[in-house]
Amino acid sequence: MTSPLIEVRGLVKAFGRFRALDGLDLVVEPGEVHGFLGPNGAGKSTTIRVLLGLLRKDAGEVRLLGGDPWADAAGLHRRLAYVPGDVSLWPNLSGGEIVDLLIRMRGADPAASRREELIERFSLDPTKRGRAYSKGNRQKVALVAALATDPDLLILDEPTSGLDPLMEQVFNDCVAEQTARGATVLLSSHILSEVERLVDRVTIIREGRVVESGSLGSLRHLHRTKVVATVTGPPPELTGIDGVHDVAVAGDQVSCSVEPDVLPRVLRALTDAGVTALTSTPPSLEELFLDAYRDRAGARR
Amino acid sequence: MSATGWTLLLRLGLRRDRVLAPAGIGVLVLMSIASAAATPSLYDGPAERIHAAEAINASPAIVALYGPILDVTSEGELAMTKMTVLYAVFAAVLFVAVVRRHTRVEEETGRTELIGGTAVGRDAPLVAAGVEALLLAGVLGVLTALGNVIGGLDAGGSVAFGLLWGGSALVAAGIGLLTAQLSASARTCAGFAAGAIGVLFVLRAVGDTGPQWVSWLSPLGWNTQVRAYGDTRWWLLLAYPLLALALAGGAVLLRSRRDLGAGLLATRPGPATGSPRLADAFSLAVKVHATTLLLWSVAAAALGVVFGMIAPGVGDLLDNATAQSIIDELGGALVSAILSIVAVVLTYFAATVVGHTARDETDGRVEIVLATGVSRTRWFAATAVLALAGTAWLLVVTGVGLWVGYVAADGPGIGNLVTAALAWVPAAWVVGALAALCLALGARWAALVWVWPAAFLTLSLLGDLLDLPGWLTGLSPYAHVPLLPAASWDWGSAGGLTAVAVVLLGVAWWRFRARDIG
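Basis of the calculations
Residues numbered from 1 in each chain as written. Chains lettered and ligands numbered in written order. Predicted model: local features only at pLDDT ≥ 70, side-chain atom pairs only at ≥ 80, totals over all residues. Heavy atoms only, no water. Helix = DSSP H or I, 4+ residues; strand = E, 2+ residues; numbered from the N terminus. Contact = heavy atoms within 4.5 Å. Areas by Shrake-Rupley, 256 points an atom, 1.4 Å probe, with all protein chains shown as cover. Lys, Arg positive; Asp, Glu negative; His and termini not counted. Charge placed at Lys NZ, Arg CZ, Asp CG, Glu CD. Buried < 20%, exposed > 50% of the residue type's maximum accessible area, 1.4 Å probe, protein only. Domains from an automatic or database assignment. Buried area = accessible area lost by both parts, 1.4 Å probe. Phe/Tyr/Trp six-rings, centres within 6.5 Å; stacked < 30°, edge-to-face > 60°. Pairing = 2+ DSSP bridges. Axes fitted to C-alpha atoms, helices over the stretch in contact; angles between N-to-C directions. Parallel < 35°, antiparallel > 145°, perpendicular 65-115°, else oblique. Left-handed = near helix turned anticlockwise from the far one by under 90°. Nonpolar A, V, L, I, M, F, W, Y, C, P; charged D, E, K, R; others polar. Patch = residues over 30% accessible without salt bridge, like charges linked within 9 Å, V, L, I, M, F, W, Y side chains within 5 Å. Salt bridge = Lys/Arg side-chain N within 4 Å of Asp/Glu carboxyl O. Core = buried A, V, L, I, M, F, W, Y, C linked by side-chain atoms within 4.5 Å. Polar contact = N/O pair within 3.5 Å; in protein donor to acceptor, adjacent residues only side chain to side chain.

Colleague: What is the right way to read the overall build of chain B from this model?
Modeller: Looking only at helices and strands, chain B features 23 helices and 0 strands. Taken along the three principal axes of its C-alpha coordinates, chain B extends 70 × 55 × 40 Å. In chain B, the share of contacts with a sequence separation of at least 24, taken over all contacts with a separation of at least 6, comes to 77%. In the form shown here, chain B has an accessible surface area of approximately 20,900 Å², with 69% of it arising from carbon and sulfur atoms. The centroid of the 29 positive side-chain charges in chain B is displaced by 15 Å from the centroid of its 31 negative side-chain charges.

Colleague: Whenever I open this one, helix 3 (residues 95-105) of chain A confuses me. Can you help?
Modeller: Burial analysis of helix 3 of chain A places 11 of its 11 residues in the buried class, the great majority of the element. All buried positions along helix 3 of chain A are accounted for by A:G95, A:G96, A:E97, A:I98, A:V99, A:D100, A:L101, A:L102, A:I103, A:R104 and A:M105. In this structure, the buried residues of helix 3 of chain A make contact with helix 4 (115-121) and helix 5 (135-147) of chain A together with helix 14 (281-310) and helix 17 (365-370) of chain B.

Colleague: I tried to follow the domain arrangement of chain B on my own but got confused; where do I start?
Modeller: By convention, interface size is frequently given as the accessible area that disappears when the constituent parts associate. All names here are of chain B. On domain assignment, one finds that chain B holds domain 1 (17-109 + 131-262) and domain 2 (278-518). A straight line from the C-alpha centre of domain 1 to that of domain 2 covers 24 Å. Taken together, the 28 residues of domain 1 in the interface contact 28 residues of domain 2. Summed over both partners, the interface of domain 1 with domain 2 comes to about 2,500 Å²; 79% of that surface belongs to carbon and sulfur atoms. On the domain 1 side of the contact with domain 2, A61, L65 and R187 bury the most area, a combined 21% of that side's loss.

Colleague: Is there a simple way to think about the packing of aromatic side chains in this case?
Modeller: Note on aromatic pairs: each is described by the distance of the centres and the angle between the planes. Residue and element names in this part refer to chain B. Overall, the coordinates contain 13 aromatic pairs over all chains when judged by the stated rule. Ring plane angle 5° and centroid distance 6.5 Å describe the contact between W216 and W235, whose orientation is recorded as stacked. Note that W216 is positioned in the loop between helix 11 (186-209) and helix 12 (219-225) and W235 in the loop between helix 12 and helix 13 (239-256), a separation of 19 residues in sequence. In this structure W216 comes out as partly exposed when scored by relative accessible area, which is 29%. Here W452 and F456 contribute two aromatic rings whose centre-to-centre distance is 5.8 Å and whose plane-to-plane angle is 20°, an arrangement assigned as stacked. Highlighted residues: W452 and F456, both in helix 21 (residues 451-466), separated by 4 residues, approximately one helical turn.

Colleague: Whenever I open this one, the pairing of strand 2 (residues 18-28) of chain A confuses me. Can you help?
Modeller: Each regular strand shows side chains that alternate between the opposite faces of the sheet. All names here are of chain A. Alignment of strand 1 (residues 6-15) against strand 2, held across 8 bridges, turns out to be antiparallel. Considered in strand 2, the bridge of A14 is made with R19. Linkage of strand 1 to strand 2, two consecutive antiparallel strands, is achieved through a turn of 2 residues, within which G16 is found at a positive phi near 65°.

Colleague: Help me understand the packing of helix 20 (residues 425-441) of chain B against helix 21 of chain B, please; the structure alone is not making it clear to me.
Modeller: Relative orientation and spacing of two packed helices are given, respectively, by the angle between their axes and the distance between those axes. All names here are of chain B. At a closest axis distance of 9 Å, the pairing of helix 20 and helix 21 adopts a crossing angle of 140°. By the angle between their directions, the pair helix 20 and helix 21 is classed as oblique. In this structure, helix 20 crosses over helix 21, and the sense of that crossing is right-handed. Facing helix 20, whose interface residues are V431, L434, A435 and C438, helix 21 presents W452, P453 and F456. Of the residues belonging to the contact of helix 20 with helix 21, the class tally is 7 nonpolar, no polar and no charged.

Colleague: How do you make sense of a nonpolar patch on the surface when you look at a structure like this?
Modeller: A contiguous nonpolar surface patch, about 460 Å² in accessible area, is contributed by B:V139, B:V142, B:L143, B:L146 and B:I150. Among the structural elements, B:V139 can be located in helix 9 (residues 124-150).

Colleague: Explain the nonpolar core to me, please; I cannot follow it from the model alone.
Modeller: The tendency in soluble globular proteins is for nonpolar side chains to be buried as a group. In this structure, A:F122 and B:L284 are the most contacted members of the largest nonpolar core, which totals 217 residues. In terms of residue count, the dominant contributor to this core is helix 16 (residues 334-363) of chain B (17 residues). Apart from the residues within four sequence positions on either side, B:L284 is in contact with A:W90, A:L93, A:L101, A:M105, B:L278, B:V369 and B:W379. Counting 14 residues, the second-largest nonpolar core is a separate cluster that includes A:A229, A:L238, A:I241 and A:A273.

Colleague: For this particular structure, what's the right way to read the sheet that holds strand 6 (residues 153-157) of chain A?
Modeller: Sheet strands line up and pair through hydrogen bonds in the backbone, either parallel or antiparallel. Residue and element names in this part refer to chain A. Reading across the sheet, the 6 strands line up as 5-6-7-3-8-9 and stay open at both edges, with mixed pairing between neighbours. Each edge of the open sheet carries a strand with a single partner, namely strand 5 (80-83) and strand 9 (209-215). Averaged over neighbouring strand pairs, the angle between their axes works out to 15° when direction is ignored. By the bridge criterion, 6 bridges tie strand 8 (residues 201-206) to strand 9 in an arrangement that is antiparallel. Pairing of R206 across the sheet is with R209, part of strand 9. Along the sheet face, helix 5 touches strand 5 and strand 6 and points at about 170° away from the line of strand 5.

Colleague: Hey, could you run me through unusual backbone geometry in this one?
Modeller: Trans peptide bonds make up the majority, and among non-glycine residues the majority have a negative phi. Residues and elements named next belong to chain A. Even without glycine at this site, L65 takes up a positive phi of about 50°. On the secondary structure map, L65 appears in the loop between strand 4 (59-64) and helix 2 (73-77). Relative accessible area serves as the criterion here: at 8%, L65 is assigned to the buried category.

Colleague: Is there a simple way to explain the domain arrangement of chain A in this structure?
Modeller: Taken domain by domain, chain A comprises domain 1 (6-218) and domain 2 (225-282). Placing a centre on the C-alpha atoms of domain 1 of chain A and another on those of domain 2 of chain A gives a separation of 38 Å.

Colleague: Honestly, the environment of B:T372 in this entry has me stumped. Any pointers?
Modeller: Residues and elements named next belong to chain B. Along the chain, T372 turns up in the loop between helix 17 and helix 18 (376-408). For T372, a relative accessible area of 2% translates into the label buried. A sequence separation of 92 residues divides T372 from D280, and the C-alpha atoms of the two residues are 9.9 Å apart. At 2.5 Å, the side chain of T372 and the backbone oxygen of V369 are in polar contact.

Colleague: When you look at the interface of chain A and chain B in this model, what are you seeing that I'm missing?
Modeller: Counting residues at the interface gives 37 residues for chain A, matched by 38 residues for chain B. For the pair chain A and chain B, the two sides together bury roughly 3,300 Å², of which 58% comes from carbon and sulfur. Applying the counting criterion to the chain A and chain B interface returns 4 salt bridges. Taking the shortest distance from any N to any O, the salt bridge between B:K287 and A:E97 comes out at 3.0 Å. Taken together, the elements giving at least two residues each to the side of chain A that touches chain B come down to strand 1, helix 2, strand 5, helix 3 and helix 4 of chain A. Considering every element that reaches the side of chain A that touches chain B, the biggest residue donor is helix 3 of chain A, with 7 residues. Residues of the side of chain A that touches chain B, tallied by class, amount to 18 nonpolar, 7 polar and 12 charged.

Printed below as a string of structure tokens:
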């Protein structure tokens, strides 16, 4: 039995009177890709900063790579790579210089790393100055520096927020390669669908506390699809079906959120009603939370 | 030209400057009032006052620093000796800073882009900054004129003096607007502006001590030539707004020829790979500040050589006891007078380095570095060492420059000018360490790093003028520096100041290790 790479228990961090983290738990096992989800302002970045020893915890226990991130930050950091959500670069250094600098600061040798290959794959121009890069390109600089070496742990804070779909695919491939060689990844995001193809387990937080945690399979109820359809005939009766929520009919338009098991049944009903337009979107985390809270409140009653 | 929405930006600018502008203008006006009010008590009657003015004119060194007194019978001209040129330079720095803050800095941070997406014209930031400078220059002029009248100087001269200060501020704003167009980097733009002001100051110093027409090339030379409290050249006051308008017009023209965020000087592509030497916090700090340090070094050397060449003129006066005492009243012998100001200015290099590290933190770059194998101690040490070593280096460069100039001008004997410059190092270190302590308390306290040197300079100057108690003026580290070469090296003060700096740095390091980052 190997010990977790990240182990956070009852973490509390307050800024003045505001409790950004309020008894948060997070466990990341070796070799897994762990999705760290939450809406904006939930405390994801704060947790990561405590994990990196940038912020001092007020209470709770934090273990990173088996050590104390506050006491031995620099030593532990040689074994991990970090990409912040909002990358800021030195305006007068070139992208290539920054990549090499960050690799060297982690104690690795850029010449022996995969930097060339990654610069190519992310189609990054390494001769541009830091001030000239767009948000997505700044993110690429940090990603290349992080993925070029073989760290034990990758901490990625909303790493794809500035990337286009093509680059997002490159990023997904790179993460898969990292995990294939045994790396552990903590991947934060505010969109479940963005990370669900990559992650093994997720922890969902809200207002500094854990709302849900477990394997993707165990969170089936989060896999609802929001369906909006326009029908020609009379709208089908969906409210009675177990697993269909939030049914709303407005004129010839029907909307509802559907659990995976009953999706075929709903689609059949819509087809029978003469569907002319159909959109299905994964629900936002906020919608899921609304569901989760309402369901829980309902169950208690 | 499209300046739609500039009034909104002007209000935003005034709101953002609600502390900086009143504080800067307040200190300048206060200094002027203090100088005006203190002068009568310094001299026993007109005869002694005229003698003092003549003594100043007879010393090329003092003239090079402050400019000549064109009307020796005028009380106001004597009272404003330091104010006319030297303090106009401080006003100029303030106005360049204000203008740059609302133009190039905003562009570099991307906030201009945010504004540009709204219904605001392309030239609106430039126009708003220019109009704000005009308003502030007006306030500075009016308050200075009023202040000097309150200080006991005659009204007509005070109006002229207020106008010439306001005019200098306007020209500085014009320089700020124009230089802000040149480079995509706000720091490079600041370097250009500082260089321009430095050249104007040296032109005036050369003209005032040599061929007089050279002084007329510099607006700072006009400050003396206006003869505010003598036979005033009112027409010359028109030259300031005209020059400022030309500079601002040039800025608008340059703005129309470049893209948002770009400079006129094209950015060259950088290397695709990093040098193996660029591998830790120290080499990063050196790399980031190398150009700045080089420019500062050139400026310090040039200033040193120019004043070193003027310095031998002091020797002619040494047999005249009265004149010597008057020169002492003006801030000691030339070298110490220059060094007392240069040391404060060079301390701003330390402030720049520390302020830059604070920006690294608020922008999120420190987060990236501290997430690697770089420890907090190394990061902090890199900043502190570069700040303090850089300032010491610049003082040495100034000292060597003084010595070279002095030797080149066949000065009598070879003075211990390098030692004289070194004497200021411990005091500059204390102020640099105070800046580091501000950083250690939190990035939001780092704005204070810009305040310390100016505050201590103001304190010592006010102390002279108002005869403040010794314990109060003694709060300034600069007050404990022996005035070499006239005085001799004092191990006690050097050791004491260095010890204070070390203690401050120790406390700062201890705090920085224990606080939250970002």
